[in-house]
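Observations on chain architecture
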Amino acid sequence: MTDKNLIKIAEEFGTPTYVYDAESIKNHYEKLTSSFHKSTRFFYAAKALTNINILKYIKNLGAGLDCVSINEVKLGLKAGFTHNNILFTPNCVDLLEIEEAMKLKVHINIDNISILEQFGTKYGNTYPIFVRINPHIYAGGNHKISTGHIDSKFGISIHQLRHITRVMKSTNLLIEGLHMHTGSEIKDPEVFIQGLEIMFELAEHFPDLKYIDMGSGFKVPYQEGDIETDVKTLGKKVEKVLAEYHKESGIKFELWFEPGKYLVSTSGHFLVKSNVIKQTTATVFVGINSGFNHLIRPMFYDSHHIIDNLSNPKGAERIYTVVGNICETDTFAWDRKLNEVRENDILVFRNAGAYGFEMSSNFNSRLKPAEVLFLDGKAHLIRRREEFDDLLKNQIEVL
Ligand SMILES: *Cc1c(COP(=O)(O)O)cnc(C)c1O
């Protein structure tokens, strides 16, 4: 997909619009699968982007699905994933939501002792489960997206191993999988190897173990000079460690990963329009027809998205502060060099496939953007732009 395609899409469907390039998703999936042993399985972390067409496309590539809510499980089933290709990895949900997932026959990953005990007491060995371990490895881009550290709410602490096995034995639980997800944007492949070695140590306590799920953490570059997780090297290292373990113990596990961002981030291009160029005493603002209600990552995680001016790609570079139209501090980029921006130019945020549309809201009573899938050279509208009536859809007027 080229910038020309993007301009045409902006003209045809308007802005703000999220555009996803299917080919990019396919390329990233194939890069993963070709880097690891063929028995390794990849469960797309749905929460990055759940448009049903994206789910179907990723299912057709051969991936499984990792879901963090019962509704993601239902979306996955609707998209055609079979129940044994779905893993439900919730946190802080009640037993009822877990029981709903049981009825749908998907793999279930339990992340606290309380539910483990309730589940075991009620169901014993009648339904195999995964247990989410917190290995206390500090990994991931920053505190907000790191999930393995000591302050994290995720998983059952590795120091509670004794308690897990107690519950397992006294309730006859069938634990078929161990899971860890230490955070997003892990730069060092050694973190995965360290995690895997911890898993091997744990494995001897779980006689029914078939799966080891290493979660995600695959990083994609967001700006120039940024790195992408080197999946080729990681794949080789992992294969070596697994083979050694197999040789020593005679035990073989199926290895799973749950990439979200890695599969869909690069595919996404968020198209917006510059509404106002506003010179102040301190800077030149570009005010666009969007805000953190549509793309919250810069304000929420201080993340960097490359921005390009599609309407004036040869214009002289100038320095801008790109802001949204929300009544709140709403800055997408400070001191950013862009080809000269004029009012009504089309700008694009790159790498907007993951946690972009998905985290959007109606703050300021603004409407959510449209979504377009670019597939085999053709642009398909896959979500219509919201309309005014959508704001009132669930409201009940009592006055
Ligand atoms: C969010 C999440 C992922 C995906 O993380 P990415 O950084 O998007 O790859 C995988 N597994 C679990 C359990 C998650 O919560």
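Residues numbered from 1 in each chain as written. Predicted model: local features only at pLDDT ≥ 70, side-chain atom pairs only at ≥ 80, totals over all residues. Heavy atoms only, no water.

**A few points about the packing of helix H8 (residues 189-203) against helix H9 (residues 231-249)**
The condition is simple: Axis definition: a line fitted to C-alpha atoms, limited for helices to the stretch in contact. Angles are taken between N-to-C directions and run from 0 to 180 degrees. For helices the rule is a DSSP run of H or I covering at least 4 residues; for strands it is a run of E covering at least 2, with both sets numbered from the N terminus onward. Should an angle fall under 35 degrees it is taken as roughly parallel, and over 145 as roughly antiparallel, whereas 65 to 115 is taken as roughly perpendicular and any remaining angle as oblique. Each helix crossing is assigned a hand: it is left-handed if the near helix lies turned anticlockwise from the far helix by less than a right angle, otherwise right-handed if that turn is clockwise. Contacts between residues were defined by any pair of non-hydrogen atoms, one from each residue, lying within 4.5 Å. Any residue outside Ala, Val, Leu, Ile, Met, Phe, Trp, Tyr, Cys, Pro, Asp, Glu, Lys and Arg is labelled polar, Gly included; the first ten of those are nonpolar and the last four are charged.
Where H8 contacts H9, the axes come no closer than 10 Å and their chain directions differ by 20°. Considering the angle they form, H8 stands roughly parallel to H9. Like other packed secondary-structure pairs, H8 and H9 cross with a definite hand, here right-handed. Seen from H8, the contacting residues are Pro-189, Glu-190, Phe-192, Ile-193, Leu-196, Glu-197, Phe-200 and Ala-203; seen from H9, they are Leu-234, Lys-237, Val-238, Val-241, Leu-242 and Tyr-245. Across the contact of H8 with H9, the residue classes break down as 11 nonpolar, no polar and 3 charged.

**Observations concerning the domain arrangement of the protein**
Spelled out, the test is: Segmentation of the chain into domains, including their bounds, is taken from an automatic or database domain assignment. A 1.4 Å probe defines the accessible area here, and the buried area is the portion of it lost by two parts on being joined, summed over both.
Domain annotation of the protein identifies domain 1 (36-263) and domain 2 (268-391). For domain 1 versus domain 2, the separation of C-alpha centres amounts to 33 Å. At the interface, 17 residues of domain 1 touch 16 residues of domain 2. Between domain 1 and domain 2 the total buried area reaches about 1,600 Å² when both faces are included, carbon and sulfur atoms providing 53% of it.

**A word on helix H7 (residues 161-171)**
Worth spelling out the cut-off: Accessibility here uses a 1.4 Å probe with only protein chains present; expressed as a share of the type maximum, an area under 20% marks a residue as buried, one over 50% as exposed, and anything in between as partly exposed. Working note: the arc is built from the helix axis to C-beta atom directions.
Of all the residues in H7, the buried ones are Leu-161, Ile-164, Thr-165, Val-167, Met-168 and Thr-171. What you see down the axis of H7 is that its buried residues fit within an arc of 160°, all on one side. Exposed residues lying more than 90 degrees from the buried face of H7 are Arg-162, Lys-169 and Ser-170. Those residues of H7 that are buried are in contact with helix H6 (113-123), strand S6 (129-134), strand S7 (156-157), strand S8 (175-179) and H8.

**Some thoughts on H8**
Keep this limit in mind: To estimate how far a helix should reach, multiply one less than its number of residues by 1.5 Å.
Compared with an ideal rise of 1.5 Å per residue, which puts 15 residues at 21 Å, H8 spans 21 Å between its outermost C-alpha atoms and is within 8% of the ideal. For H8, the tally of buried residues reaches 11 of 15 residues, placing the bulk of the element in the interior. Next to the buried residues of H8 lie S6, H7, S8, strand S9 (211-213), H9 and strand S10 (254-257).

**A word on the pattern of salt bridges**
Test applied: Throughout this description, the term salt bridge denotes a Lys or Arg side-chain nitrogen within 4 Å of a carboxyl oxygen of Asp or Glu.
Per the stated rule, a full pass over the model turns up 12 salt bridges. Notably, a salt bridge pairs Asp-308 with Arg-350, separated by 2.9 Å at the nearest N-O pair. In this pair, Asp-308 is assigned in strand S13 (residues 307-309) and Arg-350 in the loop between strand S16 (346-349) and strand S17 (370-375), connecting sequence segments 42 residues apart. With a relative accessible area of 28%, Asp-308 lands in the partly exposed category. Relative accessible area serves as the criterion here: at 15%, Arg-350 is assigned to the buried category. What you see here is one network of salt bridges that share partners, running through Asp-3, Asp-308 and Arg-350.

**Topic: a nonpolar patch on the surface**
We count it as follows: Grouping into patches uses exposed residues only, defined as over 30% relative accessible area, and leaves out salt-bridged ones; the cut-off is 9 Å for like charges and 5 Å for nonpolar side chains (Val, Leu, Ile, Met, Phe, Trp, Tyr). Accessible surface area values rest on a Shrake-Rupley calculation with a 1.4 Å probe, where residue burial reflects the displayed protein chains alone.
A surface patch of nonpolar side chains, amounting to about 460 Å² of accessible area, comprises Ile-396, Val-398 and Leu-399. Inspection of the secondary structure puts Ile-396 in the segment after helix H12 (388-392).

**Points about the pairing of S16**
Put simply, the test is: At least two bridges found by DSSP between two strands is the condition for calling them paired.
Neither face of S16 is exposed, since Ile-346 and Val-348 on one face and Leu-347 and Phe-349 on the opposite face are all buried. Sheet analysis places strand S11 (residues 268-279) next to S16, joined by 4 bridges and oriented antiparallel. Within S16, the position partnered with Val-272 by the bridge is Leu-347. The pairing of S13 with S16 spans 3 bridges and is classified as antiparallel. Residue pairing in the sheet places Ile-307 in a bridge with Phe-349 of S16.

**Some thoughts on the nonpolar core**
Stated formally: Buried Ala, Val, Leu, Ile, Met, Phe, Trp, Tyr and Cys residues form a nonpolar core when they are joined through side-chain atoms within 4.5 Å.
The biggest cluster of nonpolar side chains holds 101 residues, and the ones touching the most others in it are Tyr-44 and Val-264. For this core, the element with the most residues is H8, which contributes 9 residues. Filtering out sequence-adjacent residues up to four positions away, Tyr-44 remains in contact with Leu-49, Ile-54, Leu-55, Ile-58, Gly-64, Leu-65, Asp-66, Pro-259, Gly-260, Leu-263 and Val-264. In terms of nonpolar packing, the next biggest core, distinct from the first, is built from 11 residues, Leu-6, Val-19, Leu-271 and Leu-310 among them.

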